[in-house]
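Topology and contacts: notes
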Amino acid sequence: ERFDVRGLADPARLLRGSVTVRAEHPRGRTVEFRARARLDTPGEVNCFRHGGILPLVYRSLLPTLPDPGTRRDASLGVHRPAAPSVGSNYDETIPSL
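Conventions and cut-offs
Residues numbered from 1 in each chain as written. Predicted model: local features only at pLDDT ≥ 70, side-chain atom pairs only at ≥ 80, totals over all residues. Heavy atoms only, no water. Helix = DSSP H or I, 4+ residues; strand = E, 2+ residues; numbered from the N terminus. Buried < 20%, exposed > 50% of the residue type's maximum accessible area, 1.4 Å probe, protein only. Contact = heavy atoms within 4.5 Å. Areas by Shrake-Rupley, 256 points an atom, 1.4 Å probe, with all protein chains shown as cover. Salt bridge = Lys/Arg side-chain N within 4 Å of Asp/Glu carboxyl O. Polar contact = N/O pair within 3.5 Å; in protein donor to acceptor, adjacent residues only side chain to side chain. Pairing = 2+ DSSP bridges. Axes fitted to C-alpha atoms, helices over the stretch in contact; angles between N-to-C directions. Patch = residues over 30% accessible without salt bridge, like charges linked within 9 Å, V, L, I, M, F, W, Y side chains within 5 Å. pLDDT = per-residue confidence, 0-100.

1. Let's talk about the overall build of the chain
The number of helices and strands found in the chain is four helices and five strands. Going residue by residue from the N terminus, the α and β elements of the chain occur as β-α-β-β-α-α-β-β-α. Counting only residues that meet the buried cut, the chain has 13% of its 97 residues in that class. Taking the contacts inside the chain whose residues are at least 6 apart along the sequence as the reference set, 20% of them involve residues at least 24 apart. Only carbon and sulfur atoms are counted for the fraction: they give 56% of the accessible area of the chain, which is about 8100 Å².

2. Focus: the pattern of salt bridges
Counted according to the given criterion, the structure contains four salt bridges. One salt bridge in this structure joins Glu-32 and Arg-6, with 3.5 Å as the shortest N-O distance. Of the two residues, Glu-32 sits in strand E3 (residues 30-36) while Arg-6 sits in strand E1 (residues 2-6), which places them 26 residues apart along the sequence. Residues Asp-40 and Arg-16 are paired through a salt bridge, measuring 3.7 Å at the closest nitrogen-oxygen approach. A residue pair is termed long-range when its members are at least 10 positions apart, and Asp-40 in the loop between E3 and helix H2 (42-49) and Arg-16 in the loop between helix H1 (11-14) and strand E2 (18-24) qualify at 24 residues. Given a relative accessible area of 24%, Asp-40 falls into the partly exposed group. What makes Arg-16 exposed here is its relative accessible area of 61%.

3. Overview of the side chain of Thr-20
Looking at the secondary structure, you find Thr-20 in strand E2. For Thr-20, a relative accessible area of 13% puts it in the buried group. Polar contacts involving the side chain of Thr-20 include one to the side chain of Arg-34, which spans 2.7 Å.

4. Brief notes about the sheet that holds E3
With antiparallel pairing, three strands are arranged side by side in an open sheet as E1-E2-E3. Edge positions in the sheet fall to E1 and E3, since each has one partner strand and no second. Across the sheet, the mean angle separating the axes of adjacent strands is 25 degrees when strand polarity is ignored.

5. Let's talk about a nonpolar patch on the surface
A cluster of nonpolar residues, Ile-53, Leu-54, Val-57, Tyr-58, Leu-61, Leu-62 and Leu-65, forms a patch on the protein surface that exposes about 710 Å² of accessible area. You can see Leu-61 is positioned in helix H3 (residues 53-61).

6. Some points on the confidence of the model for the chain
Predicted coordinates in areas of low pLDDT are best not read in detail. Per-residue confidence for the chain averages 75 on the pLDDT scale, and 67% of its residues sit at or above 70. Within the chain, the element-level pLDDT minimum falls on helix H4 (residues 90-93), averaging 44, and the maximum on E3, averaging 94. Low confidence marks residues 87-97, where pLDDT is under 50. Its contacts with residues over four positions away, or in another chain, come to two contacts.

This is how it looks when you write it as structure tokens:
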């Protein structure tokens with residue numbers, strides 16, 4: 001079976017609205033019907049648009065995460081480049097200033 005849901009792009013339809021569902025059986029029979037969208041709050045619509053609660057939380061944290069190539073200097077409250085590891089070609093990959 002294949003289901004196509006129309007109306008998901010319109011936030012007004014998602015928020016306690018209705019969508020059109022088209023169900024297609026493998027043998028070719030097609031049924032179309034209206035269904036109630038069960039997103040009751042704007043927060044639920046936002047969560048749906050992000051693909052679920054985990055992607056929503058992850059995306060909200062991204063701007064606050066430090067760059068993996070930096071270390072936090074607590075005394076200055078700033079991020080500094082991380083020290084190169086032993087045996088790395090740090091000087092070859094990053095030009096000196």
